[in-house]
Structure formats: C-alpha cells, structure tokens
Amino acid sequence: MVAAGKSDLSLPKTFGCSAFAACVGEICTIPLDTAKVRLQLQKSALAGDVTLPKYRGLLGTVGTIAREEGLRSLWKGVVPGLHRQCLFGGLRIGMYEPVKNLYVGKDFVGDVPLSKKIVAGLTTGALGIMVANPTDLVKVRLQAEGKLAAGAPRRYSGAMNAYSTIVRQEGVRALWTGLGPNVARNAIINAAELASYDQVKQSILKIPGFTDNVVTHILSGLGAGFVAVCIGSPVDVVKSRMMGDSGAYKGTIDCFIKTLKNDGPMAFYKGFIPNFGRLGSWNVIMFLTLEQAKKYVRELDSSKRN
C-alpha cells in the first residue's frame, strides 16, 4: 500500500515487490506502449501532402503493426522493458515510502501533505531513471524500428546486441541519450502516479463503505494513470523523438522547438489515447499486483514468526 505511515516491509522486500509488480504491468501493456511510440515518432504531413498517415489511432496502430510485422512485433522492446522495470520500477516505487517519510520526519503523525508526496515522487523518479536510462533508450530504439524493405538488415538483432552496438558505434555516453527529458518525464510522471494514487486512495478510504480492497485499488490506479498522462505527455513526446532519432535534434530545447514549429502544439499530445490506455491499464495492473505482492510477503513473514 502506498499510503501515509511507515512501511512494515524492509527496503529489499519493498524493492522486490515493486520490481515484480512493474514487470507484470510491462508484459501486459507493452503492445499499447509500442503503438504509443510509433504514433509519437510519426511526423505530421506537410502542407499539400495528401498522403494518409501510416498509423491512425490506438487500435489502428496495433492492427497495422500486427498485420505488417506480425504479432510478436507488438512486444518489441519487452526485454529491455523488463530490464527497465526491474531497475526503475523497483527503485522509484520501492524508495517512495522511505523518501516520503524522510521528508515529513520520523515523528510525523497524521496524513502526509500532498506537497510532500509530490516531492518524494519527483525525487525517486529522477534517481531511478538516472540508473535505468540505458534500458529506456534500447527499448525505444527497438520499438521504433518498423517493417523493413526486403533484404534490409535490422539495426539491432535484440536487446543485448543493441546495448553493445550503441556503445561500440556511439560510445558509452550515448546510453544516456535523452537523459534530460527522460529525467523530467519520469520524475513528473512518477510524482503524478504515486502521489495521485496515494492521495486518491487516502480520499476513497474516508468515504463510508469503502475499504482497502481491489475496487479501491482499481479506482486509485485509473486516477493515477490519467493524472500522469495529462501532466507527462509533452515531455514523453520529446523523450521518444530524441531517443528514436537523436541525430535530428541538438538537445531537449531544440527538439521541443522543432516539434512545436513543424507539427504544432497538439503534437505534444500525440498518442494521448494509447498513452492513457497504456498508463491507465499499467497503473491498475501494477498497483493491484503490488498490493497483492506486499500482502503475500506480509502473510509469509507473519507465518514465519508464528
């Protein structure tokens, strides 16, 4: 449970539960994430260009990828995605409670202020992605690769090949390409997800008839996903474009300006529906799994003591 008060689980156990829950969410929703990345990387048509965009909408994009590249392509990037969730998911979610308690002080009693929850989410999100950025880069690179012409070689044969190829051709520092917008995006989205889940759940539990059960977790997870997408979409688009084609931009600000100039302000909300479909469902699945995993660990610890 992500709520006020000190955690009754050790940090390693909290990290393990968080990483496991994040990986379950990743496996279940990565087809929607692949669709989101393709939509975000798709450039707007130039004036006078009557060519229809290749990808149109969530279901249309999923259908096009499955039809042209096969169903397995919808899970492109799942290996680095799981690498990412083990590191980033474990760190950002697992450290949230201890960091929140650090900010309010060990003697604090009562409901933690929303501002402290937000600061704790920003902190753990930023720290976590600084470690996990290479996994995010490889995931986006693999997802961005569409159907190739006959005989054309793939840029990367797999996740491990992508890591080594990037280091060999672009240098170790290239693994942290897009770190600026990625830190901004993940710190913001992490704060939006964890703080809103924490706050929504806290508010729901004060309503008569509601208890700490699956219904409360689903409602809180949906709320967390919606808030995260509304706040994080602009930086998410910039991150995807920089990681997908780093040579086209000089930096974060340049990517932001070129996207605004060439594609208009609505480009920053490209893929909003698939992004919410992905983040909303991801949050529900992740938080449900997290709550159940923590419950299982608590029961296991209790049975060992008895």
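Residues numbered from 1 in each chain as written. Predicted model: local features only at pLDDT ≥ 70, side-chain atom pairs only at ≥ 80, totals over all residues. Heavy atoms only, no water.

Per an unreviewed UniProt entry, the protein is named Mitochondrial uncoupling protein 1, and its organism is Cardamine amara subsp. amara. Heading Sequence similarities (unreviewed entry) of the UniProt record for the protein holds this comment: "Belongs to the mitochondrial carrier (TC 2.A.29) family." (UniProt positions renumbered as here; feature names shortened; annotations may be inferred.)

Quick look at the overall build of the protein now. Counting its secondary structure elements, the protein contains 10 helices and zero strands. From first element to last, N terminus to C terminus, the protein shows the α and β order α-α-α-α-α-α-α-α-α-α. Taking 306 residues into account, the globule formula puts the C-alpha radius of gyration at 19 Å, and the protein, at 20 Å, falls close to it. When the backbone C-alpha atoms are referred to their principal axes, the protein occupies close to 65 × 35 × 35 Å. (Helix = DSSP H or I, 4+ residues; strand = E, 2+ residues; numbered from the N terminus. Rg over C-alpha atoms; globule rule 2.2 N^0.38 Å.)

Take the environment of Asn283 next. Mapping Asn283 onto the fold places it in helix H10 (residues 272-305). In this structure the C-alpha to C-alpha distance between Asn283 and Tyr197, which are 86 residues apart in sequence, comes to 9.0 Å. Beyond its immediate stretch of four places on either side in the chain, Asn283 contacts Glu193, Gly221, Ala224, Gly225 and Leu288. (Contact = heavy atoms within 4.5 Å.)

By size, the foremost hydrophobic cluster in this structure holds 17 residues, and its most contacted members are Cys17, Ile93, Leu194, Met286, Phe287 and Leu290. Formed by 14 residues, the second largest nonpolar core is a distinct cluster that contains Leu137, Val140, Tyr156 and Met243. (Core = buried A, V, L, I, M, F, W, Y, C linked by side-chain atoms within 4.5 Å. Buried < 20%, exposed > 50% of the residue type's maximum accessible area, 1.4 Å probe, protein only.)

For the rest of this paragraph, the subject is the side chain of Asn190. Relative to the helices and strands, Asn190 resides in helix H7 (residues 179-204). Reaching out from Asn190, the side chain makes a polar contact with the side chain of Arg92 at a distance of 2.5 Å. A distance of 2.7 Å separates a polar atom in the side chain of Asn190 from the backbone oxygen of Gly121. Residue contacts for Asn190: discarding those within four places in its chain leaves Arg92, Gly121, Thr124, Gly125 and Ala195. (Polar contact = N/O pair within 3.5 Å; in protein donor to acceptor, adjacent residues only side chain to side chain.)

A word on the packing of aromatic side chains. Using the criterion set out here, one finds three aromatic pairs in the structure. A ring pair is formed by Phe226 and Phe276, whose centres lie 5.6 Å apart and whose planes are at 90 degrees; its orientation type is edge-to-face. On the criterion of sequence distance, the pair formed by Phe226 in helix H8 (residues 214-244) and Phe276 in helix H10 is long-range, its members being 50 residues apart. Residue classification places Phe226 among the partly exposed positions, given a relative accessible area of 42%. An angle of 20 degrees between the planes, with centres 4.6 Å apart, marks the rings of Phe256 and Phe268 as stacked. Of this pair, Phe256 sits in helix H9 (residues 252-263) while Phe268 sits in the loop between H9 and H10, and the two are 12 residues apart along the sequence. Given the relative accessible area of 5%, Phe268 is considered buried. (Phe/Tyr/Trp six-rings, centres within 6.5 Å; stacked < 30°, edge-to-face > 60°.)

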